[in-house]
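Chain by chain, the residues run as shown.
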Amino acid sequence: MRKCCAELLGFALMCGLLGACGGGELGEGELAPLGEDEQAKIRIMFGDSHYFSQEYGQLFAAQFPHIEVEIADMLAMYDPNAGRTMEERLNRFLEEQRPDVLMLYGEQYEMLAREGGKLLPLDPVIKQDEFDTEGIHPAVLKLLREPGGGKLFGLSPEFSGSALYYNLDLFHKHGVEPPTDSMSWEEVFELAKRFPTDGDEDSRIYGFELGADSGLSGLIRTVGSSRGLGLLNPEGTEFNIDTDSWRRVFLSVLDAASSGAVHVPSRGDESLEIATIEERDQEEELFVAGRAAMTVKNSYEAQQMVQAKERRKQGGAANWGIVTAPVDPRNRNQSADFRLGSVFSVSASSENPRAAWEFVKYVNSDEFSRLKSKTMRGSLQSRTKYNSDLDGLSLEPFYKLEPKVSANDEQAKAPIGFLGTVSELIESEVEAVLSDKKTADEALKTIQERGAAEWPKARRAADPESASP
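Since the model is a prediction, treat every value here as computed from it, not as a measurement.

### As for the nonpolar core
Then comes step 1: M45, L155, Y165, W357, F359 and F398 are the most contacted members of the largest nonpolar core, which has 70 residues in total.
Then comes step 2: Contact partners of L155, with chain neighbours within four places excluded, come to L122, F131, I136, L141, L144, S342, V343, F344, W357, V360 and N364.
Then comes step 3: Counting 49 residues, the second-largest nonpolar core is a separate cluster that includes I205, L232, F250 and A443.

Rendered as structure tokens:
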């Protein structure tokens, strides 16, 4: 009897030890841990192996020397024969390349998370590993959970946003109150109109400057996006810009442009050769040169502003500040300018899900964020405690507001090149209005008619076999 009890006690102790070592039964969605020296190999979807090694690979290899990494080159998706939409190209890539870790852009992640079945749910393994998500900006987690119906299918170590940059010196000089957080686009335009519009083109100032790579078509789409408007319907099957909401946006931007308060960059003069960074600033960036009161720039350009200010110490550098990017006046607490960076997900069909999760977990860890913050190139860390002030300014306006969630991923659903064609069409019609060749209503009608006519053409050109007669 005593011997039997001893054997039972020994068996119970052994079971306890096995459970403590992770050998117990796994819960739903949990992953068996890797052995201490267990070898594993994963394929990671990425665009450039050298850049991957520089940004992620070297640090990951130092922590996980037993996990071999192979790159599944995502550039194959941009082959014209890979599909007519980015959605089709992505699905084909996943079927053929079978990566364990997916590096996705925001629209791609949203599409796969909504579709279901292709990405591994991360909540169970986050709980299993007690992985800390408390330091991640809630807005990042909100954008990641929304398309999955509240479930988390990926993590993003970085994000970006836009802000309204303003020249404090110009506001003081002309007795105008500086901008504030949560202004609407119409309020920004009215503020821009309070600055003088006289003077020659080589010396006058502007109330607002569009970005060097933008145009009025881009501004129209940006203002529309801030109000949740898209050029396609939610299903991505129809083009429609001839609505009352788009008409209000169209008229607002045209009014601002015709007032003379907005500087629109000239469309690329191929004969112009800009030899130096300083000349580029002068030719293309009036805000940097101190000749524009406001502009909207993304978070990547904040560091460039500091560098430009350093170069221009002796010559009119902007004493600048930032507030939140313009918002929808119907909801001033949300911003459409908050964007996820690269989203890393584990394929639901991965043969090495634990090794794949270890990579996703590491590049989203507190330790990785701390290391990367020392070599930031303008992106914002999702673990916001590592977003340091820049030039004495807090970067909080880039992520102060809640993100506006949009279910209309038209970038992924539209035929490749279609949205660019529409932008050129809008630009052409805007120029016709500003030169008094058309009324705004006539231009909007033309955009609708030609855009609707181009839509089936773009679909046929991208996939002739599927086109109906």
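### Observations regarding empty space enclosed by the protein
Then comes step 1: A complete count under the given rule lists one cavity of 30 Å³ or more for this structure.
Then comes step 2: Roughly 60 Å³ of internal volume is contained in the largest cavity.
Then comes step 3: As for the largest cavity, its lining consists of S162, T324, A325, S335, D337, F338, P397, F398, Y399, K400 and L401.
Then comes step 4: Tallied by class, residues from the lining of the largest cavity come to six nonpolar, three polar and two charged.

### Describing unusual backbone geometry
Then comes step 1: Although it is not a glycine, S182 adopts a positive phi angle of roughly 65 degrees.
Then comes step 2: Since its relative accessible area comes to 14%, S182 is described here as buried.
Then comes step 3: Although it is not a glycine, D436 adopts a positive phi angle of roughly 60 degrees.
Then comes step 4: Along the chain, the position of D436 falls in the loop between α16 (418-434) and α17 (440-462).
Then comes step 5: Taking relative accessible area as the criterion, D436 reaches 70% and is therefore assigned exposed.

### With respect to the pattern of salt bridges
Then comes step 1: Throughout the structure, instances matching the rule amount to 30 salt bridges.
Then comes step 2: The closest approach of N and O atoms between K118 and E115, which form a salt bridge, is 3.2 Å.
Then comes step 3: Among the residues examined, E115 registers a relative accessible area of 41% and is labelled partly exposed.
Then comes step 4: One salt bridge in this structure joins R247 and D242, with 2.8 Å as the shortest N-O distance.
Then comes step 5: It is possible to trace a salt-bridge network through shared partners that takes in D129, R354, E358 and K361.

### Describing the confidence of the model for the chain
Then comes step 1: Summary statistics for the chain give a mean pLDDT of 84 and a share of 84% for residues scoring 70 or more.
Then comes step 2: Helix α1 (residues 2-20) is the least confidently modelled element of the chain, averaging 41 in pLDDT, while strand β12 (residues 343-346) averages 98, the highest of any element.
Then comes step 3: Contacts from residues 1-23, a stretch scored under 50 in pLDDT, to residues over four places away or in other chains number four contacts.
Then comes step 4: Low pLDDT, under 50, characterises residues 268-283; the stretch is placed with 15 contacts to residues that sit more than four places away or in other chains.

### Topic: the side chain of E358
Then comes step 1: Relative to the assigned elements, E358 resides in helix α13 (residues 353-363).
Then comes step 2: In terms of polar contacts, E358 uses its side chain to reach the side chain of R354, at 2.9 Å.
Then comes step 3: With residues near it in sequence (within four places) discarded, E358 still touches L34, F60, F64, I67 and D129.

### Points about the packing of helix α3 (residues 86-97) against helix α4 (residues 106-115)
Then comes step 1: Close contact between α3 and α4 brings their axes to 11 Å; oriented N to C, the two are set at 70 degrees. The angle between α3 and α4 places the two elements in the roughly perpendicular class. As for how α3 packs across α4, the hand of that crossing is right-handed. Contacts between α3 and α4 pair M86, E87, L90, N91 and L94 from the former with Q108, M111, L112 and E115 from the latter.

The rules behind the values
- Residues numbered from 1 in each chain as written.
- Predicted model: local features only at pLDDT ≥ 70, side-chain atom pairs only at ≥ 80, totals over all residues.
- Heavy atoms only, no water.
- Core = buried A, V, L, I, M, F, W, Y, C linked by side-chain atoms within 4.5 Å.
- Buried < 20%, exposed > 50% of the residue type's maximum accessible area, 1.4 Å probe, protein only.
- Contact = heavy atoms within 4.5 Å.
- 1 Å grid on protein atoms, 1.4 Å probe; cavity = no way out; pocket = protein on both sides within 12 Å on 5 of 7 lines; lining within 4 Å.
- Points joined across faces, edges and corners; volume = space filled by probe spheres on them.
- Nonpolar A, V, L, I, M, F, W, Y, C, P; charged D, E, K, R; others polar.
- Helix = DSSP H or I, 4+ residues; strand = E, 2+ residues; numbered from the N terminus.
- Salt bridge = Lys/Arg side-chain N within 4 Å of Asp/Glu carboxyl O.
- pLDDT = per-residue confidence, 0-100.
- Polar contact = N/O pair within 3.5 Å; in protein donor to acceptor, adjacent residues only side chain to side chain.
- Axes fitted to C-alpha atoms, helices over the stretch in contact; angles between N-to-C directions.
- Parallel < 35°, antiparallel > 145°, perpendicular 65-115°, else oblique.
- Left-handed = near helix turned anticlockwise from the far one by under 90°.

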